[in-house]
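# Inside the fold
The primary structure of each chain is shown beneath.
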Amino acid sequence: QQREEVVVVEGEIIGPQLQQQAVEEEEGVPVETVQLWEEVAFGLEKNQTVVWQKAVESLESARHHHLNPNSTTTTPSSTPTKPLDAPTFIHKYMIQIISILLEQNPMKIGNMERECVEKSVRIGLQIVIDDLVLLEREEEQEEILLNNKKMKISDVVVGTTGGGGEVS
């Protein structure tokens, strides 16, 4: 009889599948993911090409790590320069990846390739939606902070006038 190991993360019991995800979120972006982004980026910069499945995988992983505040990029040992992070990969390569896939002649590609095109477009749209939601939240927070500052200023002004509107 095999016993499934469980771990408690932030008060919740999780099984082995979610344990790996929790570890990755704590540790940041895995080296393999950064290497995937760098491989896709290299193909785009040198040949303006992208491998079908790697296009999907790179966009999926970039979306996963894009808005995660705990995602710090782990530097692969072979990379002397600063490694790619999810936001940089998305903003520099997402449109190029999707454009290349959409330029393919539908009559000359198979079902797997069509699925890659569809998945990439869906992931790209979800990334845009995620960014818009984040932007909206940031604007709401700025508005709340601005209103709080206005209220504090009005409290100070009212407090210095003695409450009756006349300066003493």
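Residues numbered from 1 in each chain as written. Predicted model: local features only at pLDDT ≥ 70, side-chain atom pairs only at ≥ 80, totals over all residues. Heavy atoms only, no water.

## Some thoughts on the packing of aromatic side chains
- All told, the structure shown has 2 aromatic pairs when counted by the stated rule.
- For the pair Trp 37 and Phe 89, a centre-to-centre distance of 5.8 Å together with 20 degrees between the ring planes defines the contact as stacked. Of this pair, Trp 37 sits in helix α2 (residues 31-47) while Phe 89 sits in helix α4 (residues 86-102), and the two are 52 residues apart along the sequence.
- Overall, the relative accessible area of 0% leaves Phe 89 in the buried class.
- Measuring from ring centre to ring centre gives 5.6 Å for Phe 89 and Tyr 93, while their planes differ by 40 degrees; the resulting arrangement is tilted. A residue pair is termed a helical-turn pair when its members lie 3 or 4 positions apart in one helix, as Phe 89 and Tyr 93 do in helix α4 at 4 residues.
- Put simply, the rings of Trp 37, Phe 89 and Tyr 93 pair up and form one aromatic cluster. (Phe/Tyr/Trp six-rings, centres within 6.5 Å; stacked < 30°, edge-to-face > 60°. Helix = DSSP H or I, 4+ residues; strand = E, 2+ residues; numbered from the N terminus. Buried < 20%, exposed > 50% of the residue type's maximum accessible area, 1.4 Å probe, protein only.)

## As for the confidence of the model for the protein
- Considering every residue of the protein, the mean pLDDT works out to 79; 67% of them sit at 70 or more.
- This stretch, residues 22-26, has a pLDDT under 50; its non-local contacts, to residues over four places away or in other chains, come to 6 contacts.
- pLDDT under 50 marks residues 75-80. Its contacts with residues more than four places away, or in other chains, come to 7 contacts. (pLDDT = per-residue confidence, 0-100. Contact = heavy atoms within 4.5 Å.)

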